[in-house]
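Chain by chain, the residues:
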Amino acid sequence: MTKVAIVFHSATGTTKQLAAAVADGALSIAEVDIVNAEIVGADIVEGRFRNSSLIERLKDVDAMIFGSPTFMGCVSAQFKAFADATGDLWADKAWSNKVAGGFTIGSNMSGDQLNTIQYMQIFASQHGMLWASLDIPGNCDAEGRNRLGAQSGLIAHSRDGELHEIDLITANYLGRRIAQVAKIFAAANAPDSQPGLAAA
């Protein structure tokens, strides 16, 4: 069974709706299980992320899909506190070779949401993870997916708390893509497979 974690913080509920669509997409792939890892306010104590059990649940997953609203051009403070709390794992290369992807949402059409995705990509790279892009040319397929045209990850937009249907469809696709890529890497690195990254 391939395990995909959805690690996200949601302030108003829109990021949580995207996370649900991402999870549905991942679960549409056979032999994939989801680990829901929502970052909530109670996880933060005096500015520091203190939910060690959430981090422990990520130990054995094959992939992580990060999600955060965009605040002031980057991830939320709650997501950043989570990221900062993984420093010991970084030193131990505990997440090396796991697959990663990301999504964000903002209230402006050009509110520096791309910087949020790029922060997540750098965070994943710090851990030696393998970033999977969205892999949909913007507005070029029959469904009009990836309507805002970001290739690094999903960028969504909402001003009133209502999500655009195309953003939810794109989120579903992101979940499916990460799950499929994670299955490929998990199979390649299984003990009975040909030598791969794990043996390199």
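Further up the page is the structure itself.
Predicted model, so just to flag it, every value in this text is computed and none were measured.

Calculation rules
Note on numbering: residues in each chain are counted from 1, in written sequence order. Restriction of local features to residues with pLDDT of at least 70 applies here, the model being predicted, together with a cutoff of 80 or more for giving and counting side-chain atom pairs; totals for whole chains, interfaces and linings are based on all residues. Computation of side-chain values covers all heavy atoms of the structure but excludes hydrogens and water. Here a helix means four or more residues in a row that DSSP labels H or I, a strand means two or more in a row labelled E, and each is numbered from the N terminus. For every residue, the accessible area (1.4 Å probe, protein chains only) is compared with the maximum for its type, and the residue is labelled buried under 20%, exposed over 50%, or partly exposed between those bounds. Any N or O atom pair separated by 3.5 Å or less is treated as a polar contact, with the protein-specific requirement of one donor-capable and one acceptor-capable atom, and with residues adjacent in sequence counted only for side-chain atom pairs. For this analysis, residues touch if any pair of their heavy atoms sits within 4.5 Å. Fitted lines through C-alpha atoms serve as axes, helices being fitted only where they are in contact, and the angles separating the N-to-C directions of these axes extend from 0 to 180 degrees. Put simply, angles under 35 degrees are roughly parallel, angles over 145 are roughly antiparallel, angles from 65 to 115 are roughly perpendicular, and the rest are oblique. Two helices cross in a left-handed way if the nearer one is turned anticlockwise from the farther one by less than a right angle. They cross in a right-handed way if the turn is clockwise. Basically, the charged four are Asp, Glu, Lys and Arg, the nonpolar ten are Ala, Val, Leu, Ile, Met, Phe, Trp, Tyr, Cys and Pro, and anything else, Gly included, counts as polar. The pairing criterion for strands is at least two bridges between them, as found by DSSP. Seen with its strands pointing away from the viewer, a crossover is right-handed if its path from the first strand over the helix to the second goes clockwise. The salt bridge criterion pairs a side-chain nitrogen of Lys or Arg with a carboxyl oxygen of Asp or Glu, the two atoms within 4 Å. Side-chain atoms within 4.5 Å link the members of a nonpolar core, which is a set of buried Ala, Val, Leu, Ile, Met, Phe, Trp, Tyr and Cys residues.

*Asks:* Any chance you could explain the side chain of Thr86 here in plain terms?
*Replies:* Inspection of the secondary structure puts Thr86 in the loop between helix H3 (77-84) and helix H4 (87-92). The exposure class of Thr86 is buried, given its relative accessible area of 1%.

*Asks:* How do you make sense of the side chain of Ser158 when you look at a structure like this?
*Replies:* Position of Ser158 among the secondary structure elements: in the loop between strand E8 (154-157) and helix H6 (165-188). Residue classification places Ser158 among the buried residues on the basis of a relative accessible area of 10%. Of note is the side chain of Ser158, whose polar atom sits 2.8 Å from the backbone oxygen of Glu162. Each residue touching Ser158, except ones within four places of it in the same chain, is listed here: Ile105, Gly106, Ser107 and Leu163.

*Asks:* What am I meant to see in the packing of helix H1 (residues 14-27) against H6 here?
*Replies:* Axes are the key here: two packed helices are described by the angle between their axes and the distance separating the axes. Following both chains from N to C, one finds H1 and H6 inclined at 45°, their axes separated by 6 Å at the closest point. As summarised for this structure, H1 and H6 are arranged oblique, according to the angle between their axes. As for the relative orientation of H1 and H6, their crossing is right-handed in sense. Judged by residue contacts, Gln17, Leu18, Ala21, Val22, Asp24, Gly25 and Ala26 of H1 engage Asp167, Leu168, Ala171, Asn172, Leu174, Gly175, Arg176 and Ala179 from H6. Across the contact of H1 with H6, the residue classes break down as 8 nonpolar, 4 polar and 3 charged.

*Asks:* Which parts of the structure should I look at to understand the pairing of strand E2 (residues 32-39)?
*Replies:* Two faces make up the sheet, and in a regular strand the side chains alternate between them. Two strands pair when backbone bridges link them, and strand E1 (residues 2-9) and E2 are joined in this way by 8 bridges, in the parallel orientation. Looking at E2, one finds that Thr2 is bridged to Val32. In the classification by handedness, the crossover that spans E1, the intervening H1 and the parallel E2 is right-handed.

*Asks:* For this particular structure, what's the right way to read the pattern of salt bridges?
*Replies:* Between side chains of opposite charge, a pair can form when the charged atoms approach closely. Within this structure, the stated rule accounts for 6 salt bridges. Its salt-bridge partner being Arg147, residue Asp167 comes within 2.8 Å of it at the nearest N-O pair. In this pair, Asp167 is assigned in helix H6 and Arg147 in the loop between strand E7 (130-131) and E8, connecting sequence segments 20 residues apart. Salt bridges sharing common partners tie together Asp141, Glu143 and Arg145.

*Asks:* Even after reading the chapter, I still don't get the nonpolar core, so can you show me in this structure?
*Replies:* Generally speaking, soluble globular proteins have nonpolar side chains that are buried together. Judged by nonpolar contacts, the single largest core of 30 residues is most densely connected at Val4, Ile6, Leu18, Ile65, Phe103 and Leu174. Looking at which element gives the most residues to this core, the answer is H6, with 7 residues. If near-sequence neighbours (up to four positions away) are discounted, Leu174 is found in contact with Val22, Ile65, Gly102, Phe103, Leu134 and Leu154. If you look at the next biggest cluster of nonpolar residues, it comprises 28 residues, including Phe49, Met64, Ala100 and Met129.

*Asks:* Explanation requested: unusual backbone geometry in the structure shown.
*Replies:* Of note in the backbone geometry, Asn97 takes a positive phi value of approximately 75° without being a glycine. Of note, Asn97 is situated in the loop between H4 and strand E6 (99-106). Unusually for a residue other than glycine, Asp112 sits at a positive phi of about 65°. Position of Asp112 among the secondary structure elements: in the loop between E6 and helix H5 (113-126). Asp112 gets classed as exposed once you look at its relative accessible area, which sits at 51%.

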